[in-house]
Number of protein chains: 2
Amino acid sequence: MPYDPSAFPPFAVTVDLVVLTVRRHSLCALAVRRGEPPFQGRWALPGGFVRADEDLAQAAARELAEETGLRAHDPAVPVQDNGAHLEQLATYGDPKRDPRMRVVSVAHLALAPDLPAPRAGGDASNVRWAPVEELLQRGGYGRDGEPVAPLAFDHAQILSDGVERARSKIEYSSLATAFCPPEFTVGELRRVYEAVWGVALDPRNFHRKVTGTPGFLVPTGGTTTRQGGRPAQLFRAGGATLLNPPMLRPEV
Amino acid sequence: MPYDPSAFPPFAVTVDLVVLTVRRHSLCALAVRRGEPPFQGRWALPGGFVRADEDLAQAAARELAEETGLRAHDPAVPVQDNGAHLEQLATYGDPKRDPRMRVVSVAHLALAPDLPAPRAGGDASNVRWAPVEELLQRGGYGRDGEPVAPLAFDHAQILSDGVERARSKIEYSSLATAFCPPEFTVGELRRVYEAVWGVALDPRNFHRKVTGTPGFLVPTGGTTTRQGGRPAQLFRAGGATLLNPPMLRPEV
DNA sequence: GATCATAGTCGTCTGCTTGACGATAAACAC
DNA sequence: GTGTTTATCGTCAAGCAGACGACTATGATC
């Protein structure tokens, strides 16, 4: 049965990615510089068109691999290898969000451990990790006094939503381990929470909480001193994906 | 600057609605019977194409009004009149989810107080409130022994995701009041939680929790005996939208 | 009108979790 | 060795939740 394409308005569908990582104690997002209009020269979130035969999650995983070389996780598999966590975030479809045409963007959120450096489509100066608060202070000035143009399109909103999702989700899930290498210490995991939430946590209470939650962390037997100080036990993420009771985010 | 439409594959974009309410102590969803292929005669979620000049939230609100007569809430306004809560749920874009063509559906979740009866496009026999567990037991048998066909398309998945969202969101937000009339008693609110979660809650502990959370409920001064028994105080939803600490869902 | 059933509301007690913080341990730098 | 850093264990008080007793105010029933 043929279907009349004129019966519905045609849309372009894209995926945009909020790729977050923790670098040098601050929450950073992947940004790419746009090479063509609209918003030429402005920073934007990575993304691209969904292909005709492709699922949304596949399209997001493909874009993620193209931009970072990261494999996306099968959501059914616990987070423990170098693949990134990838989940759908929300969909943005304001008729005017792209001046060229009607574009609906299905934003995805990816969490990755600290990566050497983005190896974009080749040109390294057009891809970077930037602290999210820098990307979100639209039209302000960077730490070097250089004016910072707001992100292209509605990407500041998308980034903001992605950051908020990450902040709330590490409260009640083991998702913070997606920011860590396969083996990590309790202190490293605590610094992830501190960077994502932008607060300081008590090391002793944090240690009690994460080691006391069954299935959250499993010791690997090894230790490391890569953070300095007394050697710390190494852990892997355990099978538990839900944290009950949740980790409490301190009041501001 | 003109854009070459052949550079990207065209998609149809729809909104589908998971409209939930609580009727006779059970969680029910709005279902419509499909009048044309594909899946002709099968039950489905209400929905339709997004128009060319319409935002996604506008499209969802329009569909909701067409199916139920409910006005959607401005999300900035606290839930207290007869408007329904409406929020984006997730987007479904499997290439084969609609056999006719490539359709991406942006599902929305609506929560409404118990309504008289759906006044669909006119034909009442093709719209109904059905208990969600009945809609979700795909290919099983209804309570009357009549075989129940699974929902059309991937709507069982969408409904399941919507129900799960509602179940988790009433834990930490005041969203359960969206299922209640403007004025309601503590017992009525408790029965909402019990229906949505499918558990029994202790009336005394529930009463202590909701009346002890500042800003959650505000007494109107009136009382009612519409549930029988001793007269109960009437409340309206207070300004607080977040419940901290959350309402704890009992272990199974 | 007494009794019963129903639902609402207030308290009490116990155990668990948290936040604050003292104390000790094991590495490295000098 | 001394100081610094980070990790880890312990203690204590406050807060909150689950279990549950007790009392109240209606309508229904005899």
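Please refer to the structure placed before this passage.
Just so we're clear, the structure is a prediction, and the values are computed from it rather than from any experiment.

Comments concerning the relation of the copies chain B and chain A
Phase 1 of the analysis: Screw-axis analysis of chain B against chain A gives a translation of 0.0 Å along the axis, an RMSD of 0.0 Å, and a rotation angle of 180 degrees. Here the symmetry operator amounts to a two-fold rotation axis.
Phase 2 of the analysis: In this assembly the copies share their binding face: 100% of the residues contributing to the interface of chain B also contribute to that of chain A.

A short note on the protein's contact with DNA strand D
Phase 1 of the analysis: The environment of DNA strand D is made up of 23 residues, and the closest members are Arg204(A), Arg204(B), Arg208(B), Lys209(B) and Arg230(B).
Phase 2 of the analysis: Each atom of DNA strand D within 4 Å of the protein belongs either to a base or to sugar and phosphate, the latter forming 51%.
Phase 3 of the analysis: Here a phosphate oxygen of DNA strand D and a side-chain polar atom of His207(A) are 3.2 Å apart.
Phase 4 of the analysis: Mapped onto the surface near DNA strand D, the elements with two or more residues apiece are α4 (186–197), α5 (203–212) and β9 (232–237) of chain A together with α5 (203–212) of chain B.
Phase 5 of the analysis: In terms of residues, the surface near DNA strand D owes the most to one element, α5(B), which gives 4 residues.
Phase 6 of the analysis: Looking at side-chain class alone, the surface near DNA strand D contains 4 nonpolar, 9 polar and 10 charged residues.

Comments concerning the environment of Glu251(B)
Residues and elements named next belong to chain B.
Phase 1 of the analysis: Tracing the chain through its elements places Glu251 in the segment after β9 (232–237).
Phase 2 of the analysis: On the accessibility criterion, Glu251 (65% relative accessible area) is exposed.
Phase 3 of the analysis: As a C-alpha pair, Glu251 and Val199 span 52 residues in sequence and 9.4 Å in three-dimensional space.

Considering the packing of aromatic side chains
Residue and element names in this part refer to chain A.
Phase 1 of the analysis: Scanning all chains against the criterion turns up 8 aromatic pairs over all chains.
Phase 2 of the analysis: On the numbers, 5.2 Å between centres and 70 degrees between planes, the contact of Tyr193 with Trp197 is edge-to-face. Note that Tyr193 and Trp197 are positioned in helix α4 at a spacing of 4 residues, about one turn of the helix.
Phase 3 of the analysis: One aromatic cluster is present, formed by Tyr193, Trp197 and Phe206 through successive ring pairs.
Phase 4 of the analysis: Geometry around Trp43 places Arg128 over its ring, the cationic atom sitting 4.7 Å from the centre.

Here's the deal with the protein's contact with DNA strand C
Phase 1 of the analysis: As a structural note, the neighbourhood of DNA strand C is formed by 24 residues, with Arg204(A), Arg208(A), Lys209(A), Arg204(B) and Arg230(B) the closest of them.
Phase 2 of the analysis: Restricting the count to atoms of DNA strand C within 4 Å of the protein gives a sugar and phosphate share of 50%.
Phase 3 of the analysis: Lys209(A) places a polar side-chain atom, nitrogen or oxygen, 2.8 Å from a phosphate oxygen of DNA strand C.
Phase 4 of the analysis: Take the surface near DNA strand C: its biggest share by element is 4 residues, from α5(A).
Phase 5 of the analysis: For the surface near DNA strand C, the residue count by class is 5 nonpolar, 9 polar and 10 charged.

Quick look at the interface of chain B and chain A
Phase 1 of the analysis: Taken together, the contact between chain B and chain A spans 29 residues of the former and 29 residues of the latter.
Phase 2 of the analysis: Carbon and sulfur atoms supply 65% of the area that chain B and chain A bury against each other, a total of about 2,500 Å² over both sides.
Phase 3 of the analysis: The interface formed by chain B and chain A holds 0 salt bridges in total.
Phase 4 of the analysis: Linking chain B with chain A are 10 residue pairs in polar contact (both at pLDDT 80 or more), by the criterion used here.
Phase 5 of the analysis: Counting residues per element, the ones that place at least two in the side of chain B that touches chain A are β1 (12–23), β5 (85–92) and β6 (103–111) of chain B.

Thoughts on unusual backbone geometry
Phase 1 of the analysis: Between Asn244(A) and Pro245(A) the backbone carries a cis peptide bond, its omega angle lying at 0 degrees.
Phase 2 of the analysis: In this structure, Pro245(A) sits in the segment after β9.
Phase 3 of the analysis: Here the residue pair Pro37(B) and Pro38(B) is connected by a cis peptide bond, since its omega of -5 degrees sits within 30 degrees of zero.
Phase 4 of the analysis: Relative to the elements of secondary structure, Pro38(B) occurs in the loop between β2 (26–33) and β3 (43–44).
Phase 5 of the analysis: Located in the positive-phi region is His25(B), a residue other than glycine, with phi close to 65 degrees.
Phase 6 of the analysis: Among the secondary structure elements, His25(B) is positioned in the loop between β1 and β2.
Phase 7 of the analysis: Classification of His25(B) by relative accessible area gives exposed; the value is 60%.
Phase 8 of the analysis: A positive phi angle, close to 60 degrees, is found at Phe39(B), a residue other than glycine.
Phase 9 of the analysis: Inspection of the secondary structure puts Phe39(B) in the loop between β2 and β3.
Phase 10 of the analysis: Among the residues examined, Phe39(B) registers a relative accessible area of 27% and is labelled partly exposed.

Structural notes on the environment of Tyr193(B)
Residue and element names in this part refer to chain B.
Phase 1 of the analysis: With a relative accessible area of 0%, Tyr193 lands in the buried category.
Phase 2 of the analysis: Spatially, the C-alpha atom of Tyr193 lies 7.0 Å from that of Ala176, the residues being 17 residues apart in sequence.
Phase 3 of the analysis: Sequence-distant contacts of Tyr193, defined by excluding residues within four places in its chain, comprise Ile170, Ser173, Ala176, Gly198, Leu201, Phe206, Phe216, Leu243 and Met247.

The rules behind these values
- Residues numbered from 1 in each chain as written.
- Chains lettered and ligands numbered in written order.
- Predicted model: local features only at pLDDT ≥ 70, side-chain atom pairs only at ≥ 80, totals over all residues.
- Heavy atoms only, no water.
- Least-squares fit on C-alpha atoms with pLDDT ≥ 70 in both.
- Contact = heavy atoms within 4.5 Å.
- Near = heavy atom within 4 Å.
- Polar contact = N/O pair within 3.5 Å; in protein donor to acceptor, adjacent residues only side chain to side chain.
- Helix = DSSP H or I, 4+ residues; strand = E, 2+ residues; numbered from the N terminus.
- Nonpolar A, V, L, I, M, F, W, Y, C, P; charged D, E, K, R; others polar.
- Buried < 20%, exposed > 50% of the residue type's maximum accessible area, 1.4 Å probe, protein only.
- Phe/Tyr/Trp six-rings, centres within 6.5 Å; stacked < 30°, edge-to-face > 60°.
- Lys NZ or Arg CZ within 6 Å of the ring centre and 35° of its normal.
- Buried area = accessible area lost by both parts, 1.4 Å probe.
- Salt bridge = Lys/Arg side-chain N within 4 Å of Asp/Glu carboxyl O.

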